[in-house]
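Letter by letter, the chains look like this.
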Amino acid sequence: MRGKFFTRIVLCLALIVGIGTLQAAAAEKPKDFPSRPVTIMVGFGAGGSSDVGVRILGEALKKIIGQPVLVENKAGAGGQVMWTDFKNNAKPDGYTLALINVPQLQTTVFDPTRKPAFAMKDFQPVANHVQDPGAIFVRTESPFKTLEDLLKEAKAKPKQVKVSTTGIGSDDHLSVLDVERKAGVQFNTVHLLDTPTALRQALGGHIDADFDNVGGFLPSTKSGQGRMLAVFDEKRFPDAPDVPTMREKGIDLISSSTRGYVYPAGTPMEIVKYMEECIKKAMDDPDHVKRMKESGLALKFMGVDDFAKFLESQNERAKDLIGLYRK
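Figured I'd write up the structure that's included with this text. (Residues numbered from 1 in each chain as written. Predicted model: local features only at pLDDT ≥ 70, side-chain atom pairs only at ≥ 80, totals over all residues. Heavy atoms only, no water.)

**As for helix α5 (residues 147-156)**
Among the residues of α5, Leu147, Leu150, Leu151 and Ala154 are the ones counted as buried. Buried residues of α5, viewed axially, fall in a sector of 90°; they line one side. Across from the buried face of α5, at angles greater than 90 degrees, the exposed residues are Lys152 and Ala156. Packed against the buried residues of α5 are β4 (123-139), α6 (171-183), β7 (209-213) and β8 (226-231). (Buried < 20%, exposed > 50% of the residue type's maximum accessible area, 1.4 Å probe, protein only. Helix = DSSP H or I, 4+ residues; strand = E, 2+ residues; numbered from the N terminus. Arc of directions from axis to C-beta. Contact = heavy atoms within 4.5 Å.)

**Remarks on the packing of aromatic side chains**
Within the structure shown, the criterion is met by eight aromatic pairs. Centre to centre, the rings of Phe33 and Tyr274 are 6.1 Å apart; their planes meet at 80°, and the pair counts as edge-to-face. With Phe33 in the loop between α1 (2-27) and β1 (38-42) and Tyr274 in helix α9 (residues 269-284), the pair connects residues that are 241 residues apart, well separated along the chain. With respect to class, Phe33 is no different from Tyr274; both count as buried. Here Trp83 and Phe118 contribute two aromatic rings whose centre-to-centre distance is 6.3 Å and whose plane-to-plane angle is 80°, an arrangement assigned as edge-to-face. One end of the pair, Trp83, is in helix α3 (residues 80-89); the other, Phe118, is in the loop between α4 (104-109) and β4, and 35 residues separate them in sequence. Linked through ring pairs, Trp83, Phe86, Phe118 and Phe123 together constitute an aromatic cluster. In this structure, Lys280 packs its charged tip against the face of Phe301, placed 5.6 Å from the ring centre. Geometry around Phe110 places Lys319 over its ring, the cationic atom sitting 4.7 Å from the centre. (Phe/Tyr/Trp six-rings, centres within 6.5 Å; stacked < 30°, edge-to-face > 60°. Lys NZ or Arg CZ within 6 Å of the ring centre and 35° of its normal.)

**Digging into the pattern of salt bridges**
Under the defined criterion, the tally for this structure stands at 21 salt bridges. In this structure, Glu276 and Lys273 form a salt bridge, with 3.0 Å as the shortest nitrogen-oxygen distance. Of this pair, Glu276 and Lys273 both sit in helix α9, three residues apart, which is roughly one turn of that helix. Given the relative accessible area of 39%, Lys273 is considered partly exposed. We note a salt bridge from Glu316 to Lys319, for which the minimum N-O separation is 3.2 Å. Residue Glu316 and its partner Lys319 are both found in helix α11 (residues 304-325); the two are separated by three residues, about one turn of the helix. (Salt bridge = Lys/Arg side-chain N within 4 Å of Asp/Glu carboxyl O.)

**A word on unusual backbone geometry**
In this chain, Phe33 is followed by Pro34 through a cis amide linkage whose omega measures -10°. Residue position: Pro34 is located in the loop between α1 and β1. Following Val102, the chain continues into Pro103 via a peptide bond in cis, with omega recorded as 20°. Within the fold, Pro103 resides in the loop between β3 (96-102) and α4. Positioned with a positive phi, Ala77 is a non-glycine residue whose angle comes to about 55°.

**A look at the packing of helix α2 (residues 49-65) against α9**
Closest axis-to-axis distance for the α2/α9 pair is 8 Å, and the angle between their directions is 120°. In terms of their interaxial angle, α2 and α9 are classed as oblique. Where α2 crosses over α9, the handedness of that crossing is right-handed. Contacts from Leu57, Ala60, Leu61, Ile64 and Ile65 of α2 reach α9 at Tyr274, Met275, Cys278, Ile279, Lys281, Ala282 and Met283. Among the residues forming the contact of α2 with α9, the class breakdown is 11 nonpolar, no polar and one charged. (Axes fitted to C-alpha atoms, helices over the stretch in contact; angles between N-to-C directions. Parallel < 35°, antiparallel > 145°, perpendicular 65-115°, else oblique. Left-handed = near helix turned anticlockwise from the far one by under 90°. Nonpolar A, V, L, I, M, F, W, Y, C, P; charged D, E, K, R; others polar.)

**Observations concerning the layout of surface pockets**
Approximately 390 Å³ is the volume found for the largest pocket. Around the largest pocket, the lining is made up of 20 residues, and of these Gln131, Asp233, Ile254, Ser255 and Ser256 lie nearest the centre. If you list the elements that add at least two residues to the lining of the largest pocket, you get β4, α6, β9 (256-264), β10 (299-302) and α11. In terms of residue count, α11 provides more of the lining of the largest pocket than any other element does, three residues in total. Here the lining of the largest pocket is composed, by residue class, of nine nonpolar, five polar and six charged. The space that makes up the second largest pocket amounts to roughly 160 Å³. The wall of the second largest pocket is formed by 13 residues, among which Phe237, Pro238, Asp239, Leu297 and Ala298 lie closest to the centre. Considering every element that reaches the lining of the second largest pocket, the biggest residue donor is helix α10 (residues 286-294), with three residues. (1 Å grid on protein atoms, 1.4 Å probe; cavity = no way out; pocket = protein on both sides within 12 Å on 5 of 7 lines; lining within 4 Å. Points joined across faces, edges and corners; volume = space filled by probe spheres on them.)

Geometric values such as these leave the question of function open.
Quick look at the structure:
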């Protein structure tokens, strides 16, 4: 009898907890939100790897939130143009998100010469989406068949081999500086507007090599228009297994563009947490996973708390690297 009574108590408690959990889950969706389209602002041009990832996520996200997800591109100054507009004009009502690119955001915030109109405290982390490894790309007609070919030419002709980045303080720029320092070479570095611009310059033969990310290079690599000489990751990229890592070539360099979403500071936390959950569900959508893989974009989810900790961890690193290229 005692055993049956105990079992009934446990079942009742479980039922109460279950009802409470369902109520809590239902309460996570803010009342009447969203009731209109949500916009995601991107600080780089349409067609680049940053833009492509946002658009793929937006397609999955709209099925979850029940509203269209619009993408607004404002390219310029390595993301600074968009982040300035976001800080000045985005309302903390949940309807405007911004894509942030790390380390670009930190190298803008902490570089006094950039005179940013925003600070890290102006951004409320929501969730991370992508961690896109860096790489070096050349067009098919390039005489540089290997990384060694490129470095040999750069060493023989200091500041004559022209390479591009997507902006001062970008992960691409920092990779160029690291390669120069660790390989003992000097490039002629050109900072361009965004991934599509840099890729066009590389494919047109106007620059010798493009430092950017795997996601931006994979379509041109697969189509035979060019090749990657190396990736800046711990392991070879799954969709480019023939491309060696920098470490394999004797240069200890790991670099990536980490991309996630923020709200303006002051956005209600119930909306922030709701959108965190929605982004996670969107990232788990099979079609989203498939399309991101086809685009060469590696997923790396971080929720509100983990993303905030990650951003904090990148601040000191950025300050050190700013000192390197502002000498």
